[in-house]
Amino acid sequence: MSYAETRELVRLRYELRRLLAERPPGADDDARRLIARIEELVAADTEEKAVVIPELARWAISLTPSS
């Protein structure tokens, strides 16, 4: 993973935590987009994927079911 990708991953994880804590309008849809982007970033990095995927699963549970 490049330096730029690592920085983006850190930013996305921070933004995801903020969305799930504050729950502004539209937070669930925004959080799902962030989760999808994080999954794209870690797909090629086995070590990072092992750390991030369980975290994403916990976050996904806290989202309301989509209609």
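Small disclaimer: the values here were computed from a predicted structure and weren't measured. (Residues numbered from 1 in each chain as written. Predicted model: local features only at pLDDT ≥ 70, side-chain atom pairs only at ≥ 80, totals over all residues. Heavy atoms only, no water.)

Overview of the overall build of the protein
When you go through the protein residue by residue, the secondary structure sums to three helices and zero strands. Ordered by position from the N terminus, the helices and strands of the protein form the series α-α-α. Relative to the compact-globule value of 11 Å for 67 residues, the protein shows a C-alpha radius of gyration of 12 Å, a close match. Along the first, second and third principal axes, the C-alpha set of the protein runs to 35 × 20 × 15 Å. (Helix = DSSP H or I, 4+ residues; strand = E, 2+ residues; numbered from the N terminus. Rg over C-alpha atoms; globule rule 2.2 N^0.38 Å.)

A look at the confidence of the model for the protein
Considering every residue of the protein, the mean pLDDT works out to 89; 94% of them sit at 70 or more. Put simply, helix H3 (residues 46-61) is where the protein has its lowest mean pLDDT, 89, and helix H1 (residues 3-22) is where it has its highest, 94. (pLDDT = per-residue confidence, 0-100.)

Some points on the packing of H1 against helix H2 (residues 27-42)
Relative orientation of the contacting elements H1 and H2 amounts to 155 degrees, with a least axis distance of 10 Å. Considering the angle they form, H1 stands roughly antiparallel to H2. Considering only the axes of H1 and H2, their crossing is left-handed. Facing H1, whose interface residues are Glu5, Glu8, Leu9, Leu12, Arg13, Glu15, Leu16, Leu19 and Leu20, H2 presents Ala27, Asp30, Ala31, Leu34, Ile35, Arg37, Ile38, Leu41 and Val42. Partitioned by chemical class, the residues of the contact of H1 with H2 number twelve nonpolar, no polar and six charged. (Axes fitted to C-alpha atoms, helices over the stretch in contact; angles between N-to-C directions. Parallel < 35°, antiparallel > 145°, perpendicular 65-115°, else oblique. Left-handed = near helix turned anticlockwise from the far one by under 90°. Contact = heavy atoms within 4.5 Å. Nonpolar A, V, L, I, M, F, W, Y, C, P; charged D, E, K, R; others polar.)

Describing the side chain of Glu55
Of note, Glu55 is situated in helix H3. Non-local contacts of Glu55, meaning those with residues more than four positions away in its chain, are made with Arg13 and Arg17.

Here's the deal with H3
An α-helical segment advances 3.6 residues per turn. Residues three or four places apart therefore align on the same side. Taking 1.5 Å per residue as the helical rise, H3 with its 16 residues ought to reach 22 Å, and the 23 Å between its terminal C-alpha atoms agrees with that figure. Residue Val52 marks the point of greatest curvature in H3, where the axis turns by about 30 degrees; the proline Pro54 follows within four residues. The inward-facing, buried residues of H3 abut H1 and H2. Regarding H3, its N-cap is Asp45, as a side-chain oxygen of that residue lies 3.3 Å from the backbone nitrogen of Glu47 further along. (Expected span 1.5 Å × (residues − 1). Bend = angle between axes of the 7 residues up to and from the residue. Polar contact = N/O pair within 3.5 Å; in protein donor to acceptor, adjacent residues only side chain to side chain.)

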